[in-house]
Amino acid sequence: MAHSAPAPSRALPRLKSVVIAGSAYVIALIFLFPYVIMLLTAVRPQETLREATYLPSAFEWSSLVEFWSGGLAGNLVVTLQVAAGSTLLVLLVALPAAYYTSRHNFRFRTGFLFLVLITQMFQPTAMLVGIYREFFQFGLVDTVWALILVNGGFNLAFAVWILNAYFSSIPRELEEAAFIDGNGRFGTLFRITLPLAMPGVVTALIFTFIAAWNEFAVALMLSTTPENQPLTVALNSYIGQYQVDWQGLFAGSVIATIPVIILFALIERKVVNGLTAGSIK
């Protein structure tokens, strides 16, 4: 009767792997701790805010409910419109620009990319007066379109550089093979190149969306009526001259954070692939 060989004992994890994993968990906890405190403060009763304890003795969920009944749900919709519109605008402009610069060695190509990089150095806060005057002359102050155009413009440079790097990492031979099979330029772009470049597209998408979602300075100047303000500006209504509604402020912050966390969790793998494009040959 044949005897089966004993199963090999499971190797103990190496010390290096344990240290790396432990360090990663510690760093994650450090970054998550402020969000946990924010949530606990949002559900802590008003009379217990000054208690020197992390966990409240009782939970009060009214602040989360009052967020929707207090009118800030409309401001959340404005924020979604601005972030989604800015992201769509950036992708519509950055995709053809990045694809052309990655596939054609035209004159002044390096200078064009360098000029795009320089625009990333400009900060909206240093140009607020000029931005306001420009949109005032066009009658776009206190509109969602103004915020979409500004956020799209200031996030365009990053998207062009990310997508240019990813398009450059895709072999041209794949497109040439598609041309031989009868595909035109646009057919090859949409059937071959864009699916392969999707991690880079997703990276540009998530970073543009988050930047537009969190933008405050330009929105504070260009949106003058409460119902047209994004959530980052509307949360200031909880801060009064003599007191601060900490429950409402932190409840609004928690709700404003949830959509971005969900979006990033869904596409995190593609974001990592997009950021590392071109680093491994």
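Refer to the preceding data block for the structure.
One numbering rule holds for all chains: residues counted from 1, following each sequence as written. For a predicted model such as this one, the threshold for reporting local features is a pLDDT of at least 70, and the threshold for listing and counting side-chain atom pairs is 80 or more; totals across whole chains, interfaces and linings nevertheless cover every residue. Water and hydrogen atoms were dropped before computing side-chain values, which therefore reflect all heavy atoms in the structure.

Peer 1: Before we go on, may I ask you to explain the overall build of the protein chain in this structure?
Peer 2: Helix numbers and strand numbers start at the N terminus; a helix is a DSSP run of H or I with at least 4 residues, a strand a run of E with at least 2. Along the protein chain, the regular secondary structure elements total twelve helices and zero strands. When the 281 residues of the protein chain are sorted by exposure, 36% land in the buried category. For the protein chain, restricting intrachain contacts to residue pairs at least 6 apart in sequence, the fraction spanning at least 24 positions comes to 73%. Under the convention used here, a 1.4 Å probe and the Shrake-Rupley method define accessible areas, while residue burial counts only the protein chains that appear. When the accessible area of the protein chain is evaluated, it comes to approximately 17,900 Å², of which 69% is carbon and sulfur surface. Only protein chains enter the accessibility calculation, which uses a 1.4 Å probe; a residue is then buried when its area is under 20% of its type maximum, exposed when over 50%, and partly exposed in between. Any two residues whose heavy atoms approach within 4.5 Å are treated as being in contact.

Peer 1: Which parts of the structure should I look at to understand the nonpolar core?
Peer 2: The nonpolar side chains of a soluble globular protein tend to be buried with one another. One finds Phe67, Leu72, Trp213, Leu231, Leu235 and Tyr238 to be the most contacted residues of the largest nonpolar core, which totals 19 residues. With five residues, the top contributor of residues to this core is helix α12 (residues 246-275). Not counting residues up to four positions away in its chain, the partners in contact with Leu72 are Phe67, Leu231, Ala234, Leu235 and Tyr238. In these notes, a set of buried Ala, Val, Leu, Ile, Met, Phe, Trp, Tyr and Cys residues joined through side-chain atoms within 4.5 Å is what counts as a nonpolar core. Leu91, Val116, Ala157 and Leu194 belong to the second-largest nonpolar core, a separate cluster that totals 18 residues.

Peer 1: For this particular structure, what's the right way to read the packing of aromatic side chains?
Peer 2: Here a ring pair, both rings aromatic, is described through the centre-centre distance and the interplanar angle of the planes. Centres within 6.5 Å are what make two rings of Phe, Tyr or Trp a pair, Trp counting through its six-membered ring; a difference in plane orientation under 30 degrees is then read as stacked, over 60 as edge-to-face, and the rest as tilted. If you walk through the whole model with that rule in mind, you get four aromatic pairs. Here Phe209 and Trp213 contribute two aromatic rings whose centre-to-centre distance is 5.6 Å and whose plane-to-plane angle is 25 degrees, an arrangement assigned as stacked. A residue pair is termed a helical-turn pair when its members lie 3 or 4 positions apart in one helix, as Phe209 and Trp213 do in helix α9 (residues 198-214) at four residues.

Peer 1: Sorry, what's going on with a nonpolar patch on the surface here?
Peer 2: Residues Val26, Ile27, Ile30 and Phe31 make up a contiguous nonpolar surface patch of about 430 Å² in total accessible area. Among the structural elements, Ile30 can be located in helix α1 (residues 15-42). Note on Ile30: relative accessible area 56%, which makes it exposed. Exposure above 30% relative accessible area and no salt bridge define the residues that can form patches, which grow by joining like charges within 9 Å and nonpolar side chains of Val, Leu, Ile, Met, Phe, Trp and Tyr within 5 Å. Here, a salt bridge means any Lys or Arg side-chain nitrogen found within 4 Å of an Asp or Glu carboxyl oxygen.

Peer 1: Explain the environment of Ile267 here, please?
Peer 2: Tracing the sequence through the fold places Ile267 in helix α12. With 61 residues separating them in the primary sequence, Ile267 and Ile206 have C-alpha atoms 8.4 Å apart. Ignoring sequence-local partners within four residues, the contact set of Ile267 consists of Val202, Leu205 and Ile206.

Peer 1: What exactly am I supposed to notice about the side chain of Ser223 here?
Peer 2: Among the secondary structure elements, Ser223 is positioned in the loop between α10 (217-222) and α11 (231-234). For Ser223, a relative accessible area of 3% corresponds to the buried category. Of note is the side chain of Ser223, whose polar atom sits 2.3 Å from the backbone oxygen of Ala219. By the criterion applied in these results, polar contacts are pairs of N or O atoms within 3.5 Å in which, for protein atoms, one can donate a hydrogen and the other can accept it, and in which residues neighboring in sequence qualify only through two side-chain atoms.

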